[in-house]
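Architecture at a glance
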Amino acid sequence: MKIDGTPYRTIWQDAGGVVQVIDQRWLPHEFRVVPLRTRAEFATAIRDMWVRGAPLIGATAAWGVAVQMAVDASDASLAETWEVLHDTRPTAINLRWALDEMRRVLSPLPPAMRATAAARRAAEICDEDVEINRQIGLHGLEIIKAIAARKSGPVNILTHCNAGWLATVDWGTATSPIYHADAAGIPVHVFVDETRPRNQGAQLTAWELNSHGISHDLIVDNAGGHLMQHGEVDMVIVGTDRTTARGDVCNKIGTYLKALAARANGVPFYVALPSPTIDWRVHDGVREIPIEERNGAEVTLVQGRTKDGRIESVQISPDGTGARNPAFDVTPAELVTGLLTERGLCPATEAGMAAMFPDLKAAVAA
Ligand SMILES: CSC[C@H]1O[C@H](OP(=O)(O)O)[C@H](O)[C@@H]1O
């Protein structure tokens with residue numbers, strides 16, 4: 001997307017062949033671009049959330065494999081790299097999907113051919129992500145148009161966390177329909193959940209929407225149900241880090257509560273779902289998806305900008321108070337109105353998903 005008129009992706013190879021990423025830890029206050037030159041730097045960037053968001057995590061891992069293949073393209077190096085990068089974060093299935101895809105392409109090749117092939121595949125994965133997200137946006141636009149046709153004023157959309165272009169290579173997933181609606185001249189207003197504890201909504205989604213001049217309000221995570229009760233939300237749209245073969249949706253912690261509030265208030269709840277985020281191997285999301293437990297310091301500390309412009313973290317709880325920090329939860333498929341995929345709107349059911357993606361389901365079964 002454009003930043004002050006300059007088009008950006010979240011990850012790219014510069015003219016010298018060095019992979020650059022936007023270090024998202026410092027947004028919205030500082031826009032920092034950093035190079036990733038070694039496998040260890042790629043692992044750190046994913047684990048410490050310099051880059052985050054399921055599709056972007058996968059794309060970054062793909063480039064991490066490519067960089068390592070230029071150093072050591074042996075079978076042992078390929079196998080070790082899969083493990084090193086896979087161990088960075090456990091929940092987003094795109095990480096495993098991308099690593100499996102790189103291994104599928106590279107394993108049959110002689111080591112001498114792997115570096116070039118890896119860079120090519122990593123670049124393709126990035127381009128594919130951009131097109132998938134663009135298609136999700138076009139399909140989501142139709143939903144927004146239908147709501148706009150039956151009401152006056154803007155379409156009021158609530159979103160949780162950041163499933164924006166910063167969570168992908170470009171466009172975003174949940175935000176792509178919003179960007180397309182804005183481009184089509186359909187008035188929208190977005191309620192942005194701050195999304196404690198890391199505040200991806202307050203820091204990243206708000207920054208994205210500000211940059212694009214899209215009307216929005218930042219809200220505390222606990223306000224969404226109230227707004228829905230008062231008829232102020234026309235639809236909810238969120239991203240996903242892993243969706244099961246029957247449509248259970250794993251996403252940022254707090255998503256489940258939004259889905260419950262939406263169901264209780266008759267508000268449609270959509271999930272923007274790129275197909276690489278489907279884990280065809282699992283069905284029961286609550287029982288089968290590993291939920292990342294992150295450091296409690298993310299709960300007890302909060303980061304912001306001081307009056308004199310310094311980015312600092314401050315403690316909000318007493319010394320000695322511990323914290324639990326599950327980073328994701330699972331929304332059962334029955335609470336999902338529809339899965340917005342690159343192939344169209346899909347029911348959150350095993351049969352619906354199998355009908356939408358028979359090729360992908362068959363490939364996993366093979
Ligand atoms: C388009 S996937 C975005 C997805 O990833 C986020 O998690 P994190 O920021 O911890 O990587 C969040 O669950 C978003 O919905």
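Bear in mind that the values here come from a model prediction, so they are computed numbers and not experimental data.

1. As for the pattern of salt bridges
- Across all of its chains, the model carries 29 salt bridges by this definition.
- Across the pair D279 and R242 runs a salt bridge, and its minimum N-O distance is 2.8 Å. With D279 in strand 13 (residues 278–279) and R242 in strand 10 (residues 242–244), the pair connects residues that are 37 residues apart, well separated along the chain. Taken as a pair, D279 and R242 share a single burial class, namely buried.
- Note that E292 is salt-bridged to R294, the shortest N-O span being 2.8 Å. Like R294, E292 is buried.

2. Concerning the nonpolar core
- Formed by 38 residues in total, the largest nonpolar core has its most connected members in I11, W63, V65, M102 and L106.
- Contributions of two or more residues to this core are made by strand 4 (19–22), strand 5 (33–36), helix 1 (39–47), helix 2 (54–69), helix 3 (75–86), helix 4 (93–106) and helix 5 (111–149).
- Examining the composition of this core, we find that 11 residues originate from one element, helix 2, more than from any other.
- Sequence-distant contacts of W63, defined by excluding residues within four places in its chain, comprise I11, Q13, V19, F42, A119, A122, A123 and C126.
- In terms of nonpolar packing, the next biggest core, distinct from the first, is built from 32 residues, L141, W165, A174 and L340 among them.

3. Points about helix 6 (residues 176–183)
- Across the eight residues that make up helix 6, a large majority, six, are buried.
- All of the buried residues in helix 6 are S176, P177, I178, Y179, H180 and A181.
- Within two residues after helix 6, G185 carries a phi angle of roughly 80 degrees, on the positive side.

4. Concerning the domain arrangement of the chain
- Domains assigned within the chain are domain 1 (2–128) and domain 2 (134–365).
- When each unit is reduced to the centre of its C-alpha atoms, the spacing between domain 1 and domain 2 is 23 Å.
- Each partner contributes residues to the interface: domain 1 has 33 residues there, and domain 2 has 35 residues.
- Summing the contributions of domain 1 and of domain 2, the shared interface buries around 2900 Å²; its carbon and sulfur component is 58%.
- On the surface where domain 1 and domain 2 come into contact, there are one salt bridge.
- The salt bridge partner of E292 is R89, with a shortest N-O separation of 2.9 Å.
- The interface formed by domain 1 and domain 2 contains 14 residue pairs in polar contact (both at pLDDT 80 or more).

Cut-offs applied
Residues numbered from 1 in each chain as written. Predicted model: local features only at pLDDT ≥ 70, side-chain atom pairs only at ≥ 80, totals over all residues. Heavy atoms only, no water. Salt bridge = Lys/Arg side-chain N within 4 Å of Asp/Glu carboxyl O. Helix = DSSP H or I, 4+ residues; strand = E, 2+ residues; numbered from the N terminus. Buried < 20%, exposed > 50% of the residue type's maximum accessible area, 1.4 Å probe, protein only. Core = buried A, V, L, I, M, F, W, Y, C linked by side-chain atoms within 4.5 Å. Contact = heavy atoms within 4.5 Å. Domains from an automatic or database assignment. Buried area = accessible area lost by both parts, 1.4 Å probe. Polar contact = N/O pair within 3.5 Å; in protein donor to acceptor, adjacent residues only side chain to side chain.

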